[in-house]
Amino acid sequence: MSYIRQDYDLSHLTINVGTDCSGLEAPLVALSLLNCNVIHKWSCDNDPYIKKHILKYHTPTYYYDDMMNRKHSDLPDIDLYICGWPCQNFSTHNKNPMGFEGKDGTICFEAIKTIRAKQPKYFVLENVKGLISHNKGQTFQIIKDKLKKLKYNICYEILNTKDCGVPQNRERLYILGIKDSPFYLKTPSVPCPDLKDFLIQSLTGTKEKCLIPRRLDALNKAVTKHNIDLNDDWIVTLGQSAGNYTRATKNYCPCLTTSSWSYYVTSQERFLTLAEVKRLQGFPDSFDLDSVKSRAFKQLGNAMSVNVLYYIFYHILSVDNMNK
């Protein structure tokens, strides 16, 4: 079962796809929900567990372990390119976001080289919204200047998962490019479903197990700060940084991270389960995860939201189709 609205169908389209740094391959899941006929030309990720997952559940013609050490001109031809390069160097949640100077900070330039070499009809680049403001905007200006030289019609928007039909407050920057077809991204406006629809109501609360002293203290501070009624559907983050960086939202989930195993549901007196985190990232229930829970939570926290990609792909592919 998919927990996102499936209003569109692109089964008439066959598209060659290449993905870099796209983790659990949310782009391919989104395209499958649109019924696109996908020819998966390549994947690339340097995480061995992600590689194992991709090769188990997908069939890329090629798999690359490192996009920094490959000859871009030798890559297969593609129609659509997606890259969600690592965000730690640009995130406002990082105490010292080092930008291009940090580890993996220049991967975005490799993505641009890939676009230049393969000239796909469409591309989608994804990162945290902090990329726009990093280094007083100079970092993003460098990226925009390099993209401008590619001679694509380009737009960029910050999209929130909760505005695309899934109750999670996850803002991400999406940079879109299309050859030849002038366009703008029509921001989705999809009613946000009730959080209850994404939660498993039959589970027993585990309050005593969840609320060790450190977490209980963080929860009590959040209750006071946000005027929380514990009987309502609030989700409060109670991970290692609980206290200083605790976040709490009512009727939708705070942005999922690699520590999403510690997101406390006040009305149910327990943490979110893997199945619920998966739904809150737009993945269908049938989507298989890593058998090790800690890795599965981390991989979901790093994933792109399937529902956001679903609307992006429909928009850029249907715009192009209408202009033919």
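Residues numbered from 1 in each chain as written. Predicted model: local features only at pLDDT ≥ 70, side-chain atom pairs only at ≥ 80, totals over all residues. Heavy atoms only, no water.

S.K.: Lay out the overall build of the protein with the relevant residues and their values.
M.R.: When helices and strands are tallied, the protein shows 10 helices and 11 strands. Relative to the 2.2 N^0.38 estimate, which gives 20 Å for 324 residues, the radius of gyration of the protein is 20 Å and therefore close to what a compact globule would have. Overall, the C-alpha framework of the protein stretches about 55 × 40 × 35 Å when taken along its three principal axes. By residue count, 54% of the 324 residues in the protein fall in the buried class. Counting contacts in the protein only where the partners sit at least 6 residues apart, residues at least 24 apart contribute 69% of the total. (Helix = DSSP H or I, 4+ residues; strand = E, 2+ residues; numbered from the N terminus. Rg over C-alpha atoms; globule rule 2.2 N^0.38 Å. Buried < 20%, exposed > 50% of the residue type's maximum accessible area, 1.4 Å probe, protein only. Contact = heavy atoms within 4.5 Å.)

S.K.: If you had to explain the pairing of strand β4 (residues 80–83) to someone new, which residues and values would you point to?
M.R.: Looking down a regular strand, the side chains alternate between one sheet face and the other. Burial of the side chains of β4 extends over both faces: L80 and I82 are buried on one face and Y81 and C83 on the other. Relative to β4, strand β1 (residues 14–20) is paired through four bridges, and the arrangement is parallel. Residue pairing for β4: G18 is matched across the bridge by Y81. The pairing of β4 with strand β5 (residues 122–128) spans four bridges and is parallel. Its bridge partner lying in β5, L80 is registered against Y122. (Pairing = 2+ DSSP bridges.)

S.K.: Quick rundown of the packing of aromatic side chains? Include the residues and the values.
M.R.: For the structure shown, the criterion picks out 11 aromatic pairs. Summarising the aromatic geometry, the rings of Y8 and Y311 are spaced 6.1 Å apart at their centres and angled 90° between planes, so their arrangement reads as edge-to-face. Of this pair, Y8 sits in the segment before β1 while Y311 sits in helix α10 (residues 306–322); the two residues are 303 residues apart in sequence, bridging distant segments of the chain. Owing to a relative accessible area of 8%, Y311 belongs among the buried residues under this scheme. A ring pair is formed by F140 and Y156, whose centres lie 4.9 Å apart and whose planes are at 85°; its orientation type is edge-to-face. Of the two residues, F140 is situated in helix α5 (residues 138–148) and Y156 in strand β6 (residues 153–160); the sequence distance between them amounts to 16 residues. Exposure remark for F140: the relative accessible area of 2% places this residue in the buried category. (Phe/Tyr/Trp six-rings, centres within 6.5 Å; stacked < 30°, edge-to-face > 60°.)

S.K.: Which residues make up the pattern of salt bridges, and what are the values?
M.R.: Applying the stated criterion to the full structure yields 13 salt bridges. The salt bridge involving D65 is made with K51; its shortest N-O contact spans 3.1 Å. You can see D65 sitting in the loop between β3 (62–64) and β4 and its partner K51 sitting in helix α2 (residues 48–57), a full 14 residues away along the chain. On the basis of relative accessibility, which here comes to 27%, the residue K51 falls in the partly exposed class. The partner of K196 in a salt bridge is D233, and the shortest N-O contact between them spans 2.9 Å. Placement of the pair is K196 in the loop between β7 (171–178) and α6 (207–210) and D233 in the loop between α7 (213–226) and β8 (234–237), with a sequence separation of 37 residues. Judged by relative accessible area, which is 6%, D233 ranks as buried. (Salt bridge = Lys/Arg side-chain N within 4 Å of Asp/Glu carboxyl O.)

S.K.: With reference to specific residues and values, describe the environment of L131.
M.R.: The topology assignment puts L131 in helix α4 (residues 130–133). Overall, L131 belongs to the buried group, its relative accessible area being 0%. In this structure the C-alpha to C-alpha distance between L131 and L238, which are 107 residues apart in sequence, comes to 26 Å.

S.K.: Can you lay out the sheet that holds strand β9 (residues 248–250) for me, pointing to particular residues and giving the numbers?
M.R.: With respect to topology, four strands assemble into an open sheet ordered β9-β8-β10-β11, the strand pairing being antiparallel. Two strands lie at the open edges of the sheet, namely β9 and β11 (270–271), each paired on one side alone. Its contacts with the sheet place α7 against β8, β9, β10 (263–265) and β11, and it is angled at close to 130° to β8. (Axes fitted to C-alpha atoms, helices over the stretch in contact; angles between N-to-C directions.)

S.K.: Quick one: what's the story with helix α9 (residues 293–302), residue by residue and with numbers?
M.R.: Listing the buried residues of α9 in full gives A296, F297, Q299, L300 and G301. Contact partners of the buried residues in α9: α2 and α8 (274–280).

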